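Chain residues, written in single-letter form:
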Amino acid sequence: MRYDLKHLATFVAVAEELNFHRAAERLTMAQPAVSRIVLELEERLGVKLLERTTRKVRLTESGRYLLEEAQEILGRIDVAENTVRLLASGTKAILRVGYTTITGHSLVPDITREFRNANPDVRVELTYLHSPAQRDKILQDEIDLGFIEGSFQNSEIESRPVARHRLMALLPPEHPLASKTELTIEELAREQLVMGTNAEWPTLRRIVVDAFQTAGQVLNVAQEAPSLVGILGLVTAGVGITIFTGMPRFCGEQAIAPRPIVTDPPVIVESHLAWRRASISSAKRRFIETSQKVGRAYMT
């Protein structure tokens, strides 16, 4: 080999510290050995990675590029080592599962709890990602399954519906509209709304905009927030009303009043479980079956 992982790890330590002495302490090596290994790497690559003076160490353009690549390589090795140890300790499989805000506050916790109880030897790793990002992660094999809003039109991805939700207005209990048992789009169009950002809530924002346009109305967005907690904080502060797909489980009606939104035709937000067709393990199949079983309670 022209160079090995020891060369990369030593270079990364020097590049991050920009100091050979500190890098040697971090690696518990002698400083001359650190200098020799970095010099070997430069000679074998045929490029200069570091500019050295008596006072400081600075990365060259080639060094900056190699630092990013080497950090990623070493990070993937750490993940692989941890996974191997998990498998050796009795964990038979690892499922990487993506979820959205809509599915994350009740559906995914219920499914994950049921699956873990029945499959204690399978590790489930949950990652928040909005729906479009999950499509890319599934295709790149960075997650195994994803809970998304709607389905993906992709020949490599299969999906099945696991929940259906109706639009719900969430407002402060003291708001005048809280006296009503249900609300219309026309009523909400006259109010200031708190909405998730387009970057983090692209699917729900599109669904809500479409619902307003169908009713001949326009959203009056007073404030945006990237997270559900931030949105509900603004609602409880009286900034405005938000539109979601149900009452978040962690909220109490003393702080938030949920009211169904009546539309014609009814607006249904459908959550799907998606995965790559070419990659289906027994653990993944059991997770899909559990999701459909638990999801029946959400198929309203």
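Predicted model only: the values in this text are computed from it and were never measured.

(A) Representation of the nonpolar core in the model. By size, the foremost hydrophobic cluster in this structure holds 36 residues, and its most contacted members are L167, L171, L188, F212 and I243. Those elements giving two or more residues to this core turn out to be strand 7 (168-171), helix 8 (185-189), strand 9 (193-196), helix 9 (202-214), helix 10 (228-236), strand 11 (242-244) and strand 12 (257-262). Broken down by element, the residue count for this core peaks at five residues, all from helix 9. With residues up to four places along the chain from it excluded, the contact list for I243 reads L167, M168, L188, L193, V194, M195, L204, V208, F212 and I261.

(B) Fine view of helix 11 (residues 282-295). The terminal C-alpha atoms of helix 11 lie 20 Å apart, and with 14 residues this matches the ideal 20 Å at 1.5 Å per residue to within 8%. Residues of helix 11 that are buried: A283, K284, F287, I288, T290, S291, V294 and G295. Viewed along the axis of helix 11, the buried residues span an arc of 165 degrees, placing them on a single side of the element. Buried residues belonging to helix 11 abut strand 3 (93-99), helix 6 (107-118), strand 4 (122-128), strand 5 (145-149), strand 6 (157-166) and strand 13 (268-276).

(C) Summary view of the sheet that holds strand 8 (residues 183-184). With mixed pairing, the four strands of this open sheet are ordered in space as 8-12-7-11. Pairing within the sheet leaves two strands with one partner each, and these edge strands are strand 8 and strand 11. For strand 8 and strand 12, the ladder comprises two bridges, and the chain directions are parallel. Looking at strand 12, one finds that T184 is bridged to V262.

The rules behind the values
Residues numbered from 1 in each chain as written. Predicted model: local features only at pLDDT ≥ 70, side-chain atom pairs only at ≥ 80, totals over all residues. Heavy atoms only, no water. Core = buried A, V, L, I, M, F, W, Y, C linked by side-chain atoms within 4.5 Å. Buried < 20%, exposed > 50% of the residue type's maximum accessible area, 1.4 Å probe, protein only. Helix = DSSP H or I, 4+ residues; strand = E, 2+ residues; numbered from the N terminus. Contact = heavy atoms within 4.5 Å. Expected span 1.5 Å × (residues − 1). Arc of directions from axis to C-beta. Pairing = 2+ DSSP bridges.

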